[in-house]
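What the coordinates show
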Amino acid sequence: MQCLHFTPPNLTGNTLLLCYRGQFPPKRTYIFTRFGKSHYIIGQGKQWEESINGRNGSGFREEACAAETIPLPIFVCTVLGLEEGKECIIVGTLYKHMKLKPSILDEYSKERSVSPLVQRHNFTHQDDNLVLEDESGRVKLNSCLLFPSTYVTGNIVALHGKETSAGEFLVEDVLEPGLPQQIERPIQLGEDKYVVFISGLSVGRSSSNPLQFQLFVDHITGHLGDEKEQNVAAQVVQVVIAGNSIEVPHGLLNGQNLGSKDQSKLFEPIKELDIMLTQIAASIPLDIMPGSSDPANFSLPQQPLHRCLFPGSSAYNTFRSCTNPHCFELENIRFLGTSGQNIDDLGKYSKANNNIEFMERTLRWRHLAPTAPNTLGCYPFTDRDPFYVETCPHVYFVGNQDKYESRLIKGSEGQMVMLICIPRFAETGVTVVLNIRNFECHVLSFDTQIHS
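Computed from a predicted model, the values in this text were never measured in an experiment. (Residues numbered from 1 in each chain as written. Predicted model: local features only at pLDDT ≥ 70, side-chain atom pairs only at ≥ 80, totals over all residues. Heavy atoms only, no water.)

Scanning the protein chain for helices and strands turns up nine helices and 21 strands. Here the protein chain holds 452 residues, and the buried ones make up 44% of them. Expressed as a percentage of contacts within the protein chain between residues at least 6 apart in sequence, the contacts between residues at least 24 apart total 67%. Carbon together with sulfur atoms contributes 50% to the accessible area of the protein chain, which is approximately 23300 Å² in total. (Helix = DSSP H or I, 4+ residues; strand = E, 2+ residues; numbered from the N terminus. Buried < 20%, exposed > 50% of the residue type's maximum accessible area, 1.4 Å probe, protein only. Contact = heavy atoms within 4.5 Å. Areas by Shrake-Rupley, 256 points an atom, 1.4 Å probe, with all protein chains shown as cover.)

Set out below in structure tokens:
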């Protein structure tokens, strides 16, 4: 379920909430009013039907124009109720027709083909088009405001426009949920406090460098660096490992029974990771999230890695095995993050200038995984949507990205969110440090050179 929740100016005291569960609530009238370029719900139900039906159309329009405080209402209708040339608002789910979207038939033809098909990293095409669907039907959208490369199947939107003679819906304005309400951020923390983010350790990979990770552990625990760096390390209050901590050799996971030698190869990376995490948990609170390569369930939301995998680090109460996505609060600052699967999947079926832009879209759409379950595996929840963003976080992080990026975005109601892309440590040797006092970010880079 996704919700559109807005508070328009000069209309305080109204409860403005539009929920969409795949079926639009029947026999209910929604009224939108226009402020600038945005539409807002100003009422619903019988009282609005009676107040409008009690006036004739011309009288209502004259009163609205004269008073300039009662805008001309635009009614929400279903796709089946569209009339040619009549201005209205439709609410529903976007579906994107994609020419290059993979299918099981492509996999079958690949097996029978002499020459292998080219693997694509992005499936968007200039001929892609958008369709809006509700419980009554679907209609093709025609607009220069809705770019198919920006949206994905599963987005919930409200569209203002009218039906054309060709049977398409000409979109004149788009209403997205926008950033949700945010709890007030602490005005002054007094002293610097740091949260360290790391992802993509890939312990067990043949190319991984255990000395690089050991340097990181020694640094944040205060065993490396000069006095200034040790003072910073002493102010680290949380370490977050955002997925893909372990990488098991793919040759071992072939469905066959494993011998004792192969079993030791399977468990060795986990044992090595536990030794490292024990050193961190002995002095600093530590959260570890599962990722796509970790021994956890495939479908989102991923459940915590079992504590029996970490007999050493789980002995400390500072160690927490968490879910993916992960949400927590620290000093009244709300953190929300994933291990990167949601952003990686958005990058396959839509386009953006960078991954930070993908992150911003998920917040403004109020949904962490808009492509699930269409192209991203997720558990089939029936009573709630675990990816729906009810309250706006202060920090939104995503792990296992190609490079470090950060951006501070602002909402229309004063929300401020720090977006952070965490690079893969095994490939870049980079970790991200956030000062929660002033939201300043910097990176720590670790590198080792072994001379023969």
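Taken as a whole, this structure holds twelve salt bridges when the rule is applied. With a closest N to O distance of 3.0 Å, arginine 364 and glutamate 360 form a salt bridge. A residue pair is termed a helical-turn pair when its members lie 3 or 4 positions apart in one helix, as arginine 364 and glutamate 360 do in helix α8 (residues 355-364) at four residues. Classification of glutamate 360 as buried rests on a relative accessible area of 16%. Across the salt bridge formed by glutamate 427 and arginine 424, the nearest N and O atoms sit 3.7 Å from each other. Beyond isolated ion pairs, a larger network of salt bridges with shared partners links Arg205, Glu247, Asp402, Arg424 and Glu427. (Salt bridge = Lys/Arg side-chain N within 4 Å of Asp/Glu carboxyl O.)

The next subject is the sheet that holds strand β15 (residues 326-330). Strands in a sheet are paired, the pairing made by backbone hydrogen bonds, and the direction either parallel or antiparallel. Taken together, five strands build an open sheet; the order of strands is β15-β16-β17-β19-β18 and the sheet is mixed. One side of each edge strand has no neighbouring strand; the edge strands of this open sheet are β15 and β18 (405-410). In this sheet, adjacent strand axes meet at a mean angle of 20° when their direction is disregarded. Summarising the sheet, β15 and strand β16 (residues 333-338) pair through five bridges and their orientation is antiparallel. When the bridges of β16 are listed, leucine 330 appears paired with isoleucine 333. Helix α7 (residues 341-349) contacts β16 and β17 (395-401) of the sheet and is inclined by roughly 70° relative to β17. Docked against the sheet, α8 engages β17, β18 and β19 (416-423), running at close to 135° with respect to β19. (Pairing = 2+ DSSP bridges. Axes fitted to C-alpha atoms, helices over the stretch in contact; angles between N-to-C directions.)

Where α7 meets α8, the closest approach of the two axes is 10 Å, and the angle between their N-to-C directions is 105°. It follows that α7 is roughly perpendicular to α8 by the angle criterion. Contact residues: Ile343, Leu346 and Gly347 in α7; Asn355, Phe358, Met359 and Thr362 in α8. For the contact of α7 with α8, the per-class residue count stands at four nonpolar, three polar and no charged. (Parallel < 35°, antiparallel > 145°, perpendicular 65-115°, else oblique. Nonpolar A, V, L, I, M, F, W, Y, C, P; charged D, E, K, R; others polar.)

Another point: the nonpolar core. Of all hydrophobic cores here, the largest spans 45 residues; its most connected members are Ile90, Leu141, Leu159, Phe169 and Tyr396. Looking at this core element by element, the count peaks at four residues for α8. When near neighbours in sequence (up to four residues on either side) are disregarded, leucine 159 contacts Cys88, Ile89, Ile90, Leu132, Leu141, Leu146, Phe169, Val171, Asp173 and Val174. Listed in part, the 31 residues of the second largest apolar core include Ile220, Val236, Ala281 and Phe425. (Core = buried A, V, L, I, M, F, W, Y, C linked by side-chain atoms within 4.5 Å.)

Here we take up the side chain of asparagine 324. Structurally, asparagine 324 can be placed in the loop between β14 (319-321) and β15. One polar contact links the side chain of asparagine 324 to the main-chain amide nitrogen of serine 339, over a distance of 3.0 Å. Reaching out from asparagine 324, the side chain makes a polar contact with the side chain of glutamine 341 at a distance of 3.1 Å. Ignoring anything within four residues of it in the chain, the contact list for asparagine 324 reads Met289, Pro290, Leu300, Pro301, Gln302, Gly337, Thr338, Ser339 and Gln341. (Polar contact = N/O pair within 3.5 Å; in protein donor to acceptor, adjacent residues only side chain to side chain.)

This brings us to the pairing of strand β13 (residues 286-289). The side chains of a regular strand alternate between both faces of the sheet. The alternating pattern of β13 places Leu286 and Ile288 and Asp287 and Met289 on opposite faces, both of which are buried. For strand β12 (residues 236-242) and β13, the ladder comprises four bridges, and the chain directions are parallel. Opposite valine 239, over in β13, you have leucine 286 as the bridge partner. Here three bridges tie β13 to β14, and the two strands are oriented parallel to one another. Of the residues in β14, the one forming a bridge with leucine 286 is phenylalanine 319.

Let us now look at the sheet that holds strand β6 (residues 88-97). The strand order around the closed barrel built from five strands is β6-β7-β8-β10-β9, with neighbouring strands paired in mixed fashion. For this sheet, the mean angle separating the axes of adjacent strands, direction not counted, is 55°. Here β6 runs beside strand β9 (residues 156-163); their pairing, made up of six bridges, is antiparallel. Residue isoleucine 90 lies in a different strand from β9, and its bridge partner there is leucine 159.

As enumerated under the stated definition, the model contains twelve aromatic pairs in all. Taking the centre distance of 5.9 Å and the plane angle of 25° together, the rings of tyrosine 151 and tryptophan 365 count as stacked. Here the residue tyrosine 151 occupies a position in the loop between β8 (138-142) and β9, and tryptophan 365 occupies one in the loop between α8 and β17, the gap between them amounting to 214 residues. The same class applies to tyrosine 151 as to tryptophan 365, namely buried. Among the aromatic residues, those joined into a cluster by ring pairs are Phe197, Phe328, Phe335 and Phe397. Over the face of the ring belonging to tyrosine 95 we find arginine 138, whose NZ or CZ atom lies 5.1 Å from the ring centre. (Phe/Tyr/Trp six-rings, centres within 6.5 Å; stacked < 30°, edge-to-face > 60°. Lys NZ or Arg CZ within 6 Å of the ring centre and 35° of its normal.)

A separate point is unusual backbone geometry. The linkage connecting leucine 300 with the following residue, proline 301, adopts the cis geometry, with an omega of -5°. Counting through the fold element by element, proline 301 comes out in the loop between β13 and β14. For the bond from alanine 372 to proline 373, the omega torsion is 0°, close enough to zero to count as cis. Within the secondary structure, proline 373 sits in the loop between α8 and β17. Even without glycine at this site, phenylalanine 439 takes up a positive phi of about 60°. Considering the arrangement of structural elements, one finds phenylalanine 439 in the loop between β20 (430-435) and β21 (440-445). Exposure remark for phenylalanine 439: the relative accessible area of 5% places this residue in the buried category.

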